[in-house]
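Residue-level structure breakdown
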Amino acid sequence: MQNRMAKRLQKDLEQMQKTYVDQFIVKMPNNDIKHWIVGFEGAKGTLYQGEKFELQFKFSNDYVAPIESPEVIFIGKPPEHEHIYSNGFICLSILFDEWSAALTVSSICLSIQSMLSSATKKMKPPNDAEFVKRSAGRGPKSFLWSYHDEKC
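Residues numbered from 1 in each chain as written. Predicted model: local features only at pLDDT ≥ 70, side-chain atom pairs only at ≥ 80, totals over all residues. Heavy atoms only, no water.

By the naming in an unreviewed UniProt entry, the protein goes by UBC core domain-containing protein and is assigned to Paramecium sonneborni.

Written as structure tokens, this is what we have:
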């Protein structure tokens, strides 16, 4: 199972490095295939143009089929967006209940970049402070997410 997961991640990595080399920068702390940091800039002509962001991906052994989505959060200073909490958690359905084995790391990154690009104003989620306090010490997958609009 571990070997199949590594092959899947290697394929995702090759796609990122070949197709999106100018858009996303992938780092693997400690050369750990199960832990990626993906850097990118806000797209031109958007509220986030030129701003630099980093996403942390953590992959479980179930990322073979892949049965389970990776855990994805912003690290460092997250963008101020209505679907991104101050602790870096992202309210995006494809990261949770709408996950599909057809999705790849690059498709997740493009979805997040698209979500940012569609923003018309910078704002935190309405329940940001309460949620961040409640989520201390927990990961994003320990919550049942509810989606308030079709953008997440």
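Estimated volume of the second largest pocket: approximately 260 Å³. Taken together, 15 residues make up the lining of the second largest pocket; nearest its centre are Ile 25, Gly 39, Phe 40, Glu 41 and Lys 52. Listed by contribution, the elements that provide at least two residues to the lining of the second largest pocket are β1 (25-27), β2 (35-41) and β3 (52-58). (1 Å grid on protein atoms, 1.4 Å probe; cavity = no way out; pocket = protein on both sides within 12 Å on 5 of 7 lines; lining within 4 Å. Points joined across faces, edges and corners; volume = space filled by probe spheres on them. Helix = DSSP H or I, 4+ residues; strand = E, 2+ residues; numbered from the N terminus.)

To continue, consider the packing of helix α1 (residues 2-19) against helix α2 (residues 105-117). The geometry of α1 relative to α2 is characterised by a closest axis approach of 8 Å and an angle of 50° between their N-to-C directions. Judged by the angle between their axes, α1 and α2 are oblique. On α2, the residues that touch Asp 12, Gln 15 and Met 16 of α1 are Val 105, Ser 106 and Cys 109. Looking at the contact of α1 with α2 residue by residue, the classes come out as three nonpolar, two polar and one charged. (Axes fitted to C-alpha atoms, helices over the stretch in contact; angles between N-to-C directions. Parallel < 35°, antiparallel > 145°, perpendicular 65-115°, else oblique. Contact = heavy atoms within 4.5 Å. Nonpolar A, V, L, I, M, F, W, Y, C, P; charged D, E, K, R; others polar.)

Let us now look at the nonpolar core. If you look at the biggest cluster of nonpolar residues, it comprises 33 residues, and the most contacted ones within it are Trp 36, Leu 55, Phe 57, Phe 74, Ile 90 and Ile 112. The set of elements that each furnish at least two residues to this core consists of α1, β2, β3, β4 (71-75) and α2. At six residues, the largest contribution of residues to this core is made by α2. Judged by nonpolar contacts, the second largest core, of six residues, contains Phe 89, Cys 91, Phe 131 and Phe 143. (Core = buried A, V, L, I, M, F, W, Y, C linked by side-chain atoms within 4.5 Å. Buried < 20%, exposed > 50% of the residue type's maximum accessible area, 1.4 Å probe, protein only.)

The element β2 is extensively covered by neighbouring structure, given that six of its seven residues are classed as buried. By the bridge criterion, three bridges tie β1 to β2 in an arrangement that is antiparallel. Within β2, the residue paired with Ile 25 across the bridge is Gly 39. (Pairing = 2+ DSSP bridges.)

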